[in-house]
Amino acid sequence: MITHIVGNRPQFIKLAPLYHALEQAGCEQNIIHSGQHYDENMSDVFFRELGIPAPYVNLMAGGGSHAQVTAKAMVGLEEELLNKNPELVILYGDTNTTLAGAVVASKLCIPIVHVEAGTRIHCKTNPEECNRIATDHLSDILFCPDDISMHNLQKEGLDHLAYLTGDIMYDTYLSIAEKSADQMSQEDIIVMTWHRQENTSDRERMDSILNLVRQLGSKVVCPLHPRTRKCLTEYGLMEKAKAIPNFEITDPVGYLEMVALMQRAKLILTDSGGVSKESAYAGAKCLFMLDADVWEYLVRDHWIQKVNPEDQASVEKALQFAGRAEHVDQEDRPKYYGDGHAAAKMVQALKERNLI
Ligand code: UD1
Ligand code: UDP
């Protein structure tokens, strides 16, 4: 039995292609949901749209501090893994659910596969960086989205466990994009996502992000993460946000709608690791609102431009970047993250290591 441990929106998106590839290879699998994300539009919608079977259990670990979520997930995971005793555990990304899975499975001596290993932003005040470093070092097989991630693992002495598979999110993206298609009429919209702790835990910071949105001028469509909605409301900034004429706030959307939105965009404004990379798949350049070493090739190629919303000089540069942005055709998009067959390469590697 292979157990997938997931709990957050981006993990459901990463799980889909690997689940289906392992199914084709005849593997017995089950899914544990930590419950870290729990709203219908942050969780169930992805299972439905991407054809993933329902988790056999939900640990209801969502809503709380880092320690509360991680600890609750750990207690539930230990019980489940002891009960079912799987031969392999698969973890995704860098969330508190990932960390909980790594700590619990390693102490039960269950081999761990880490999907999206080796990414580093070289900043330990970032909660996800702590999770990914710990998870990589507790895992037995590491699947990397690009050669920079491979190199990071080499520097940490983990290269003997690492495979360059390409980005599994590209597998998912292609499976949906082929259906919804780039033929869709382009609009002059900017798509925005916003949820990182660094951008939601300080009122001034949130206010400066709203000012950036206003200055962009074009229509900004923002499926708002529940964390950000809560923080805007708590800081008394929701009315200001709603009053920005070019700002269209919606609830979080399913993946099909998100892909369709990105395909229509001329620009993406985000602090999301996943969305900033998907910008290259969808052909919309990206303003990234975090001072971190994100997807280095895309930054080097000026596909991603970092912006500090609190620094007017940086905002001016961002506005110029936005002013030049146009939707980019398929053949001119950067291609650094594999060929969309990451899941098949993962299955092959697991077979080579006699893990399935
Ligand atoms: C988490 C991950 C982050 C990832 C993001 C994906 C960690 C440390 N962070 O951040 O790496 O980029 O998921 O979206 O694990 N909430 C709801 N409903 C939900 C989910 C969340 O209301 O379905 C609210 C709750 O108030 C919760 C808050 O959002 O306390 C934050 O959720 P949490 O899962 O702790 O962090 P994210 O910001 O979602
Ligand atoms: N996404 C989505 N609906 C939304 C916002 C994002 O389907 O309303 C998708 C997005 O396309 C990407 C993933 O969710 O595939 C990214 O998740 P998120 O930004 O929450 O997490 P991160 O990548 O920062 O860990």
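Coordinates for the structure precede this section.
An account of the accompanying structure is given in this report. Just so it is clear, the model here is predicted, and its values are computed rather than measured.

### Regarding the site of ligand 1
Now for step 1: Of all residues adjacent to ligand 1, which total 19 residues, the nearest are H37, N96, E128, R227 and K230.
Now for step 2: Between Y38 and ligand 1, the recorded distance is 2.9 Å, taken from a backbone N or O atom to an oxygen atom.
Now for step 3: By residue number, the principal contributor to the shell around ligand 1 is helix α10 (residues 226-234), which donates three residues.
Now for step 4: Taken together, the residues of the shell around ligand 1 sort by class into four nonpolar, 10 polar and five charged.

### Some remarks on unusual backbone geometry
Now for step 1: Phi at M60 is positive, roughly 50°, even though this residue is not glycine.
Now for step 2: Counting through the fold element by element, M60 comes out in the loop between β3 (57-58) and α3 (66-84).
Now for step 3: Its identity as a non-glycine residue notwithstanding, N85 has a phi of 45°, on the positive side.
Now for step 4: Along the chain, the position of N85 falls in the loop between α3 and β4 (88-92).
Now for step 5: For N85, a relative accessible area of 54% translates into the label exposed.

### Structural notes on the pairing of strand β12 (residues 285-288)
Now for step 1: Two strands pair when backbone bridges link them, and strand β11 (residues 265-270) and β12 are joined in this way by four bridges, in the parallel orientation. Its bridge partner being in β12, I268 is matched across the sheet by C286.
Now for step 2: Each parallel crossover has a hand, and the one from β11 via helix α13 (residues 273-282) to β12 is right-handed.

Definitions and limits used
- Residues numbered from 1 in each chain as written.
- Chains lettered and ligands numbered in written order.
- Predicted model: local features only at pLDDT ≥ 70, side-chain atom pairs only at ≥ 80, totals over all residues.
- Heavy atoms only, no water.
- Near = heavy atom within 4 Å.
- Polar contact = N/O pair within 3.5 Å; in protein donor to acceptor, adjacent residues only side chain to side chain.
- Helix = DSSP H or I, 4+ residues; strand = E, 2+ residues; numbered from the N terminus.
- Nonpolar A, V, L, I, M, F, W, Y, C, P; charged D, E, K, R; others polar.
- Buried < 20%, exposed > 50% of the residue type's maximum accessible area, 1.4 Å probe, protein only.
- Pairing = 2+ DSSP bridges.
- Right-handed = clockwise from strand over helix to strand, strands pointing away.

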